[in-house]
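# Structural characterization, general
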Amino acid sequence: MKILKFGGKSLANGKGIEAVINIIENKVKNREDITVVLSARGNATDELEEILDKAVKNQEYQGQLEAFKEYQASDFSGVDFTKEFETLDKLFEGVSLLGDYSKRIKDQILSQGEVISAKLITQILKEKNIKAHFTDSRELIITDGQFGDAQPLDKLSKENVINHFQKYNGDTVNIVTGFIASNTKNETTTLGRNGSNYTASLLANYLEAEELQSFTHVNGIYTANPDLVPEAKKIEKLSFTEANELAYFGANILHAKTIIPLIEKNIPLRILNTFDHENQGTLITGEASEKGIKSLSVLENVALINLEGRGLLGRVGVDARIFKALANKNISVSIISQGSSERGIGFVVEADKAKEAKSILEQEFESDFYKRDVSGITIEEAVSVISIIGQDLSTFHKPYNALIKNQVVPLLFNNTVTGKNVSLVVRKEQLHRALNVIHGEIFEISKKINVAIFGHGLVGGTLVDQILKSREQIESRKKIKLNIFAIANSSKILLNANGVDQNWKNDITKKGVSYTINEVIKFADDNHLENLIAIDNTASQKFTENYISLVESGFDLVSSNKVANTLSFDFYKKIRIKLEENQKQYLYETNVGAGLPLIDTIKLLHLSGENITRIKGVFSGSLSYLFNTFSVEERPFSEVLQEAIDKGYTEPDPREDLCGNDVGRKLLILARELDLSNEFEDINIHNLIPEPLRKGESKEFLEKLTELDKVYEKVKQEQNPDHVLRYIGDLWGDLSQEKGNLDVKLVSVPKSSALGQVKGSDSIFEIYTESYGDQPIVIQGAGAGAAVTARGVFGDILRLAERG
Ligand SMILES: NC(=O)C1=CN([C@@H]2O[C@H](COP(=O)(O)OP(=O)(O)OC[C@H]3O[C@@H](n4cnc5c(N)ncnc54)[C@H](OP(=O)(O)O)[C@@H]3O)[C@@H](O)[C@H]2O)C=CC1
Ligand SMILES: N[C@@H](CC=O)C(=O)O
């Protein structure tokens, strides 16, 4: 025989009843031997409790009672509920008159929910010519006299059940009321919350059923609540022991009292979805799973109480006093953590008991307050408990680090010594983010990286397209899910928490809105976005003013923009302090040499103690292209310059390259990597723009490019034979001092030299060090261009994603 148990949501009006009847009908058709246990329908038990609460306060309850009756009886005119409704009328009236009720009365009231439910289903089945028998469990399950949470008397109950099923067996389907029972005086009792599952598992035990199928409105047990964690996965199979671990933290069906009768007879329990016939649900058996399961559970409606005092150090019995005082008032403590110094003890209680708990403890510790041994008892109300079931401390650093990286600092955490369970108390507003971060880490499900891209010009736009093109491949190879939730230029932003797609250009035109950086931060926060990275692909100084707010709000930074690293040394240090304080990172590999691995190389050499003595080379891709081409081709300077602009090698304002600022910035960034504290003003720059062309807008300058032709033709002609022009940066001097020498200049070098042989838009960097002597380390390759730069920025994003 199989026991089928249906919960309240499965039995709700509408699709629910229909689905339940279909399931029973199909099983009967397939000649399966079944017994059905039912909960009260919809929210009947909660509603009856609410009505009771109103009645006892002598408030108007009749309206809600009539609505309850209408819900239960509507659409089912063939069923007569007169007896149940009259019982309720009478009982509520009595409670209202007396202004009081006993647990006995409450059980009588609540029991009507299950009776109505079982009567209804029996009648509908009968109308479908199915032999159904309404079975009042009060005639079968006999309990002690503890109303509200009665304990079954096994021997008696088992005898009754076996006798009943001998009478009504074969092709009769017993439709049994869950939750309710009776004591030896024949008074109605209830089995406590989750009681219908208990009834079902008792029947399964007594009748030695083949399986207990518990029908719910979900597909089974999940690794986390799918409403909060979209990536949550269904657990196919788990053992009773593992199920027991899940029980306390929300999975009521798995409560010990429900599963013990099943364990005794080794009866499998399957959690199924009434509304999804295809789904195989979660199967719980006596077999231990090989890997052990992990699952995240949440306790809400809790509060954290903290008792602190210097005088608690070494005092015996403080904890005992706390627990005793609370236990006397029936207040249960769930999570507890105490520092080794014993100066403080934090613990979690139900939210609606927190104030009472505080005042109980204030009374208990009144004299300790007076002696200043206890300094304060505080309540932190908006908190939630996350429990990672199946997690021990050996790998806990991973989810913990990920939480800290996402600025979720748990208020308290504890673990079980045996068994595997780590619990954390977090602020309620951080619950969603915390759950997703932990879930991603422990299940090694793709880690979601939420990216905001500022600047969608040549580099930024190429980056967006590169990410969208390769993100699926990255997800399958690296388990990193890149989600671009914001794309902005200087005036408009496109925001989408689920990520932009290939139509982003169109969308930004149509749906782009004006914004402030605080609105972007709020958007990320409101949507619980984790692993945040802000990408600066602007050339704007104004945008760099946002860096600190972004870092403080949990964003890592990546920039192709060089400005932030070349403002005052004070600002340079301030950003790094903020990064350190907030445990955030800032990567800017493309600041020098576009996609070339230069900054990382210099950092590593310097960190390893290698003494870098000089860095010299062609730092600018655009000026490399300009002079490489101009030196060997008989073409006007302006024509080649325009080509460099058109190829996307130059800065948004090409004068930034020609005036030497761009090379100067790169040189300064490298100097600062070597811990030199140079300022931009320290750089000797040879400005390539003749004085009269320096002023005005970029547009005007572009119209006068031909005025450069004569100047540079002359420079070219005045060189020695077989020489070529190169615009170089040179960091030299005693680099162990506070500052180095930084020169940016146009030089004429032999065509055959290393610098003279550079081609196209290549940059070349010669890094001289003490160990390498006269033979520099040379890094050479494309030094500019949207594609290589975007690829470099992409590399920084992945580096951050992997480090997390
Ligand atoms: N090109 C290359 O080879 C390399 C470039 N870089 C760096 O890449 C960066 C981008 O260059 P590139 O793509 O060529 O420049 P573009 O001019 O093509 O794009 C710049 C983008 O930044 C936006 N922007 C400007 N100011 C702001 C602001 N305050 N807030 C938000 N967005 C803003 C612009 O929007 P709007 O249109 O509204 O002004 C535009 O979308 C530069 O810093 C450059 O130095 C680094 C290495 C190599
Ligand atoms: N304009 C720059 C682009 C890269 O930083 C250059 O020409 O190198």
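Throughout this description, residue numbers start from 1 for each chain and increase along the sequence as written. Chain letters and ligand numbers both follow the written order, the letters beginning at A and the numbers at 1. Totals for whole chains, interfaces and linings use all residues, but because this is a predicted model, local features are given only for residues with pLDDT of at least 70 and pairs of side-chain atoms are given and counted only at 80 or more.

Before going further, it helps to spend a moment on the site of ligand 2. By convention here, the C-beta atom is placed from the backbone, and a residue is near a molecule or strand when that atom is within 6 Å of it. In the vicinity of ligand 2, the contacting residues are A594, S620, G621, S622, Y649, T650, E651, D657, D662, G783 and A784. Amino acids outside the nonpolar list (Ala, Val, Leu, Ile, Met, Phe, Trp, Tyr, Cys, Pro) and the charged list (Asp, Glu, Lys, Arg) are all regarded as polar, and Gly is one of them. Looking at side-chain class alone, the shell around ligand 2 contains three nonpolar, five polar and three charged residues.

What follows is about the sheet that holds strand β26 (residues 723–732). Pairing between two strands is assigned when DSSP locates at least 2 bridges connecting them. Numbering of helices and strands runs from the N terminus; a helix is a DSSP stretch of H or I covering at least four residues, while a strand is a stretch of E covering at least two. The six strands are arranged β25-β27-β26-β24-β28-β29 in an open sheet whose pairing can be described as mixed. What marks the edges here is a single partner per strand, and that holds for β25 (684–685) and β29 (777–782). A pair of residues counts as a contact when their C-beta atoms, built from backbone coordinates, are separated by no more than 7 Å. Axes, fitted as lines to C-alpha atoms, cover a helix only where it is in contact. Angles between the N-to-C directions of the axes lie from 0 to 180 degrees. Most of the contacts of helix α25 (residues 661–673) go to β26, to which it runs at about 35 degrees, and overall it touches β24 (612–618), β25, β26 and β27 (741–750).

This part is about the site of ligand 1. Around ligand 1 lies a shell of 31 residues, among which G455, G457, N489, S490 and P652 are the nearest. Within the residue set of the shell around ligand 1, elements represented by two or more residues are α15 (458–478), α18 (541–544) and α28 (786–803). Among the elements that line the shell around ligand 1, the one with the most residues is α15, at three residues. Considered class by class, the residues forming the shell around ligand 1 number eleven nonpolar, 17 polar and three charged. The residue makeup of the shell around ligand 1 includes at least three contributed by each of domain 3 (447–590) and domain 4 (598–784). For each domain, the first and last residues come from an automatic or database assignment.

With that out of the way, let us pick up the confidence of the model for the chain. pLDDT is defined as a per-residue confidence score from the predictor, taking values between 0 and 100. Residues of the chain with pLDDT of at least 70 account for 98%, and the chain-wide mean is 93. Both confidence scores are given for the complex: pTM 0.78, ipTM 0.99.

To continue, consider the environment of V422. For V422, the location among the structural elements is in strand β17 (residues 421–427). Counts of 20 or more other C-beta atoms within 10 Å of a residue's own C-beta define buried residues, counts of 12 or fewer define exposed ones, and intermediate counts define partly exposed ones; C-beta atoms are placed from the backbone. On the neighbour-count criterion, V422 (21 C-beta atoms within 10 Å) is buried. A C-alpha to C-alpha distance of 43 Å links V422 and N591, two positions 169 residues apart in sequence. The contact partners of V422, leaving out residues within four places of it in the chain, are I388, Q391, L393, F396, F413 and N415.

This brings us to helix α20 (residues 569–581). For α20, which comprises 13 residues, the first-to-last C-alpha distance of 18 Å matches the rise-based estimate of 18 Å (1.5 Å per residue) to within 8%. Directly after α20, the chain includes Q583, whose backbone phi takes a positive value near 50 degrees. Helix span, expected: 1.5 Å multiplied by one less than the number of residues in the helix.

The next subject is the UniProt feature "domain: Aspartate/homoserine dehydrogenase NAD-binding" (unreviewed entry) in the chain. With numbering matched to this structure, UniProt assigns "domain: Aspartate/homoserine dehydrogenase NAD-binding" (unreviewed entry) to residues 455–589. Summarising residues 455–589: 46% helix, 18% strand, and an end-to-end C-alpha distance of 17 Å. UniProt positions are given in the numbering used here, feature names are shortened, and annotations may be inferred rather than shown by experiment.

Turning next to the packing of α15 against α28. The geometry of α15 relative to α28 is characterised by a closest axis approach of 8 Å and an angle of 60 degrees between their N-to-C directions. Here α28 runs oblique to α15, going by the angle between their axes. Read as a crossing pair, α15 and α28 show a hand that is right-handed. Contact residues: L458, V459, T462, L463, Q466 and I467 in α15; A786, A787, T789, A790, R791, V793 and F794 in α28. Between 65 and 115 degrees an angle is taken as roughly perpendicular, under 35 as roughly parallel, over 145 as roughly antiparallel, and anywhere else as oblique. Handedness of a crossing is defined here by the sense of rotation of the near helix relative to the far one, left-handed for an anticlockwise turn of less than a right angle and right-handed for a clockwise turn.

To continue, consider the pairing of strand β15 (residues 376–389). With eleven bridges joining them, strand β12 (residues 295–308) and β15 adopt antiparallel strand pairing. When the bridges of β15 are listed, V302 appears paired with V383. Here seven bridges tie β15 to β17, and the two strands are oriented antiparallel to one another. Its bridge partner being in β17, I389 is matched across the sheet by N421.

For any two helices packed against each other, one specifies the inter-axial angle together with the distance between the axes. One can describe the packing of helix α13 (residues 397–405) onto helix α14 (residues 431–442) by two numbers: an axis separation of 9 Å at closest approach and a directional angle of 145 degrees. Considering only the axes of α13 and α14, their crossing is right-handed. Counting all contacts with α13, which are made through K398, P399, A402 and L403, the residues of α14 involved are A434, V437, I438, E441 and I442. Taken together, the residues of the contact of α13 with α14 break down into seven nonpolar, no polar and two charged.

The backbone of N301 sits at a positive phi, close to 55 degrees, despite the residue not being glycine. Note on placement: N301 falls in strand β12. Look at N301 and you get exposed, because 10 C-beta atoms sit within 10 Å. Although it is not a glycine, A594 sits at a positive phi angle of roughly 45 degrees. Within the secondary structure layout, A594 lies in the loop between β23 (586–587) and α21 (598–607). For A594, a count of 27 C-beta atoms within 10 Å puts it in the buried group.

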